[in-house]
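Next come the chains, spelled out residue by residue.
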Amino acid sequence: GAEPRVFSGIQPTGIPHLGNYLGALQSWVHLQERYHTVLYSIVDLHSITVPQDPGTLRQSVLDMAACLLACGISPAQSCIFQQSQVAEHAELAWILSCLTSMPRLRHLPQWKVKSQRQNNEGSVGLFTYPVLQAADILLYRATHVPVGDDQVQHLELTQDTARLFNRLYGDFFPIPKAIMGTSKKIRSLRDPSSKMSKSDPHKLATVRLTDSPEEIVMKFRKAVTDFTSEVTYDPEGRPGVSNLVAIHSAVTGLSAEEIVGRSRGMETAQYKLAVAEAVIQKLRPIREEMHRLQKDRGYLQGVLRQGAQRAKEMAAPVYDSVCRLVGF
Ligand code: ADP
Ligand code: NA
């Protein structure tokens, strides 16, 4: 088979939250040790599918680079780069868009959700961004893609597109496999029926990786639970408290059962502070490293420059071959 290669992307839209870290970034750190070639792209082409302020976007790319490094992703083990710096992403996306039907894209759930947020006047880019995702992955002939369950259908589109290309032009792309996260979805602290998300308008719903200890305590103190003042793990019946236990479990490595056992006799108000403390401990080194790195723009820009150079060296020969196969 093909040489194993891992690709994943993250949008530069604000500081990542606890859900992004526990659900994605933490596993990215492990993958760079397990696989020889690993690429992590800050996908700014994707982020302009909805309106962005240019100055904010520029800063967000550097913030995301700082964040990836602070979480433990190492430029020695992973290629960290800004998507727009490697022009072949957009070029391959054009070729793949000519292999993708409109109905296939129309059926993807994210288009429906996100275009509704734009009063159903979503851009062509928002409509076709799953094709750009396919290009991101196939441009490196990636074999493994860590994905959240919200992205499974997009990876299926990538697989179908690779198969169609191979059928039309000759066997060229490996069919990339999903690496599914095993961790539970972290839920909003204000509304445990929805996931923790950076687009949540409620200020106290989402814990950011750069939140101060005081902010973290406040958010957990205000977390929505229920009227039973006891710690149990019952995601269906008691989603609020169970979300706290799930967060506690994820940051300490203890199982939900162990946590419930240790918290016997504790009131939920008191328990919230214990979870806040565990989250503060877990995030402290990340926040400190992030603040240190944010002061060193030159270093961050250097990491991105070198990353883009290495990504380009991998991408260019693949794109050349694609062009030849297509008849250019
Ligand atoms: P958001 O919904 O905050 O915009 P993204 O869709 O950009 O997050 O997700 C980036 C990555 O983080 C994906 O791999 C996704 O599965 C993961 N992720 C996002 N929210 C959560 C969550 N609440 N719990 C666990 N993982 C999450
Ligand atoms: Na590696």
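Residue numbering note: each chain is counted from 1, following its sequence as written. Both sets of labels track the order of writing: A upward for chains, 1 upward for ligands. It should be noted that, the model being predicted, local features are given only for residues of pLDDT at least 70 and side-chain atom pairs only at 80 or more, the latter also being counted only at that level, while totals for whole chains, interfaces and linings use all residues.

An unreviewed UniProt entry annotates the protein as Tryptophan--tRNA ligase, mitochondrial of Xenopus tropicalis. UniProt positions are given in the numbering used here, feature names are shortened, and annotations may be inferred rather than shown by experiment. Listed under Function (unreviewed entry) in UniProt, the entry text for the protein is "Catalyzes the attachment of tryptophan to tRNA(Trp) in a two-step reaction: tryptophan is first activated by ATP to form Trp-AMP and then transferred to the acceptor end of tRNA(Trp)." In UniProt, the protein has this text filed under Sequence similarities (unreviewed entry): "Belongs to the class-I aminoacyl-tRNA synthetase family."

(A) A look at the overall build of the protein. The numbering of helices and of strands both runs from the N terminus, where a helix is a DSSP run of H or I of at least 4 residues and a strand a run of E of at least 2. Per the secondary structure count, the protein includes 13 helices and five strands. For a compact globule the rule gives 2.2 Å times the number of residues to the power 0.38, and the radius of gyration it is set against comes from C-alpha atoms. Over its C-alpha trace the protein gives a radius of gyration of 21 Å, about what one expects of a compact globule, namely 20 Å for 328 residues. By principal-axis analysis of the C-alpha atoms, the protein measures approximately 70 × 45 × 40 Å. A residue pair is marked as a contact if its C-beta atoms, positioned from the backbone, fall within 7 Å. At a minimum sequence separation of 6, the contacts of the protein that also span at least 24 residues come to 75%.

(B) Layout of the packing of helix H7 (residues 124-138) against helix H8 (residues 152-169). Where H7 contacts H8, the axes come no closer than 9 Å and their chain directions differ by 65 degrees. The crossing of H7 and H8 is right-handed. Packed against H7, whose contacting residues are Pro130, Gln133, Ala134, Ile137 and Leu138, the element H8 presents His154, Leu157, Thr158, Thr161 and Ala162 at the interface. For every element, the axis is a line fit to its C-alpha atoms; helices are fit only across the contacting stretch, and the angle between N-to-C directions ranges from 0 to 180 degrees. Should the near helix be turned anticlockwise from the far one by less than a right angle, the crossing is left-handed, and should it be turned clockwise, the crossing is right-handed.

(C) Spotlight on helix H3 (residues 54-70). To estimate how far a helix should reach, multiply one less than its number of residues by 1.5 Å. Taking 1.5 Å of rise per residue, 17 residues should cover 24 Å, and H3 covers 24 Å from first to last C-alpha, within 8% of that figure. All of the buried residues in H3 are Ser60, Val61, Leu62, Asp63, Met64, Ala65, Ala66, Cys67, Leu68, Leu69 and Ala70. Note on H3: the residue one or two positions beyond its end, glycine 72, has a positive phi of about 115 degrees. Using C-beta atoms placed from the backbone, we call a residue buried if 20 or more other C-beta atoms fall within 10 Å of its own, exposed if 12 or fewer do, and partly exposed for counts in between.

(D) Region of the structure containing helix H6 (residues 109-117). Summarising burial for H6: zero of the nine residues are buried, a small minority. Once H6 ends, the next one or two residues include asparagine 119, with phi positive near 55 degrees.

(E) Up close: the site of ligand 1. For ligand 1, the set of nearby residues contains 16 residues, the closest of which are Gly19, Gly23, Ala24, Gly148 and Met196. If one sorts the elements of the shell around ligand 1 by residue count, helix H1 (residues 18-34) sits on top with five residues. For this classification, the nonpolar set comprises Ala, Val, Leu, Ile, Met, Phe, Trp, Tyr, Cys and Pro, the charged set comprises Asp, Glu, Lys and Arg, and every other residue, Gly included, is treated as polar. Residues belonging to the shell around ligand 1 are distributed by class as follows: five nonpolar, seven polar and four charged. Whether a residue is near a molecule or strand depends on its C-beta atom, generated from backbone atoms, being within 6 Å of that molecule or strand.

(F) Here's a closer look at the domain arrangement of the protein. Per the annotation, domain bounds derive from an automatic or database assignment of domains. You can read the domains of the protein as domain 1 (5-185 + 297-326) and domain 2 (213-291). Taking the mean C-alpha position of each, domain 1 and domain 2 sit 32 Å from one another. In this complex, domain 1 contributes eight residues to the contact, which on the side of domain 2 involves seven residues. Broken down by secondary-structure element, the contributors of at least two residues to the side of domain 1 that touches domain 2 are H1 and H3. Class assignment for the residues of the side of domain 1 that touches domain 2 results in six nonpolar, one polar and one charged.

(G) Inspection of the packing of H3 against helix H12 (residues 268-294) at higher detail. In contact at an axis separation of 9 Å, H3 and H12 are set at 135 degrees when each is read in the N-to-C sense. Between H3 and H12, the interaxial angle falls into the category oblique. Both H3 and H12 take part in a crossing whose hand is right-handed. Contacts between H3 and H12 involve Asp63, Ala66, Cys67, Leu69 and Ala70 from the former and Ile286, Glu289, Met290, Leu293 and Gln294 from the latter. Split into classes, the residues belonging to the contact of H3 with H12 amount to seven nonpolar, one polar and two charged. Orientation categories follow fixed angle ranges, with anything under 35 degrees roughly parallel, anything over 145 roughly antiparallel, 65 to 115 roughly perpendicular, and all other angles oblique.

(H) Quick look at the nonpolar core. To form a nonpolar core, buried Ala, Val, Leu, Ile, Met, Phe, Trp, Tyr and Cys residues must be joined through C-beta atoms within 7 Å. By size, the foremost hydrophobic cluster in this structure holds 79 residues, and its most contacted members are Ala65, Ala66, Ala135, Ile247 and Val279. Counting residues per element, this core draws most heavily on H3, at nine residues. Counting only domains with at least three residues in this core, you end up with domain 1 (5-185 + 297-326) and domain 2 (213-291). Ignoring sequence-local partners within four residues, the contact set of valine 279 consists of Leu18, Val207, Ile216, Ile247 and Val251.

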